[in-house]
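# Structural overview for review
The residues making up each chain are set out below.
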Amino acid sequence: MSPSSTSLTHGTRRTAMPGVGRALVAVYAILALAATGRSFVQIASKFSEAPLAYVLSALSAVVYIVATIALVKRSPVWHRVAWATITFELIGVLVIGTLSLVEPAWFPHDTVWSVFGRGYLFIPLVLPVLGMIWLRSRPCEEDAR
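A brief structural summary.

What counts and how
Along each chain, the written sequence defines residue order, and numbers are assigned to residues from 1. Totals for whole chains, interfaces and linings use all residues, but because this is a predicted model, local features are given only for residues with pLDDT of at least 70 and pairs of side-chain atoms are given and counted only at 80 or more. For side-chain calculations, the full set of non-hydrogen atoms in the structure is used, while hydrogens and water are omitted. A pair of Phe, Tyr and Trp rings is counted when the ring centres sit within 6.5 Å of each other, with Trp represented by its six-membered ring. The angle between the planes then sorts it: under 30 degrees is stacked, over 60 is edge-to-face, the rest tilted. Going along the chain from the N terminus, every DSSP run of H or I of four or more residues is numbered as a helix, and every run of E of two or more is numbered as a strand. Partly exposed describes any residue whose relative accessible area lies between the buried limit of under 20% and the exposed limit of over 50%, with all areas from a 1.4 Å probe on protein chains only and scaled to the type maximum. What makes two residues a contact is simply this: any of their non-hydrogen atoms within 4.5 Å. Multiplying one less than the number of residues by 1.5 Å gives the expected span of a helix. Axes here refer to lines fitted to C-alpha atoms; in helices the fit is confined to the stretch in contact. Angles between the N-to-C directions go from 0 to 180 degrees. Note on terminology: angles under 35 degrees are roughly parallel, angles over 145 are roughly antiparallel, angles of 65 to 115 are roughly perpendicular, and the others are oblique. Handedness of a crossing is defined here by the sense of rotation of the near helix relative to the far one, left-handed for an anticlockwise turn of less than a right angle and right-handed for a clockwise turn. Only buried residues count toward a nonpolar core, which is a set of Ala, Val, Leu, Ile, Met, Phe, Trp, Tyr and Cys residues joined through side-chain atoms within 4.5 Å.

Inspection of every chain in the model, using the stated rule, returns two aromatic pairs. Judged by centre distance (6.0 Å) and plane angle (55°), the rings of Y28 and Y64 are tilted. One end of the pair, Y28, is in helix α1 (residues 19-46); the other, Y64, is in helix α2 (residues 51-72), and 36 residues separate them in sequence. For Y28, a relative accessible area of 0% gives the class buried. For Y64, a relative accessible area of 0% corresponds to the buried category. Three or more aromatic residues joined by ring pairs form one cluster here, namely Y28, Y64 and W113.

Attention shifts here to the environment of P139. Tracing the sequence through the fold places P139 in the loop between α4 (123-137) and α5 (141-144). Measuring from C-alpha to C-alpha, the distance between P139 and H79 comes to 8.1 Å, with 60 residues separating the pair along the chain. With sequence-adjacent residues up to four places away left out, P139 is seen in contact with R74 and H79.

Moving on to α1. In this model, α1 (28 residues) spans 40 Å end to end at C-alpha, consistent with the 40 Å of a helix rising 1.5 Å per residue. Those residues of α1 lying buried are G21, L24, V25, Y28, L31, A32, A35, S39 and Q42. The secondary structure elements touched by the buried residues of α1 are α2, α3 (76-102) and α4.

The interhelical angle for the contact between α1 and α2, taken along N-to-C directions, is 155°, at an axis separation of 8 Å. Here α2 runs roughly antiparallel to α1, going by the angle between their axes. Handedness of the crossing formed by α1 with α2: left-handed.

Looking now at the nonpolar core. Core analysis: the biggest nonpolar cluster contains 27 residues, and Y28, Y64, L71, I86 and W113 have the highest contact counts within it. Looking at this core, the elements that each hand over two or more residues are α1, α2, α3 and α4. When residues in this core are grouped by element, the largest group, seven residues, is from α2.

Shown next, in the form of structure tokens:
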């Protein structure tokens, strides 16, 4: 193995995350920060105006935070957590995106996932698909043995 593909950490061998994985984690982290900030401001300043939308923004923030952590960790448990959160994220984007178009009165203010993430350049729609592709191409360490 080349030195760039593995590193020695406390006497154990750990697979390094390739560039695509780092970029994916970086986008998840940025989205986690953006969704957290957005939901905090919305809930703190105008919760009564659109409670459903703001709670959904907070939920998406939690999903992005957990997904970010799960993508960084390399264990069978975190691999399953990554799959679960990214699957939940995709379902959330599709359901909330559709409902925000079909029943716009339910969402007087946008959530992170409204109109399939339009307010975030549709990154919330594309990101879980890319995350699933990456997870599928990188089996967890236990599966690789």
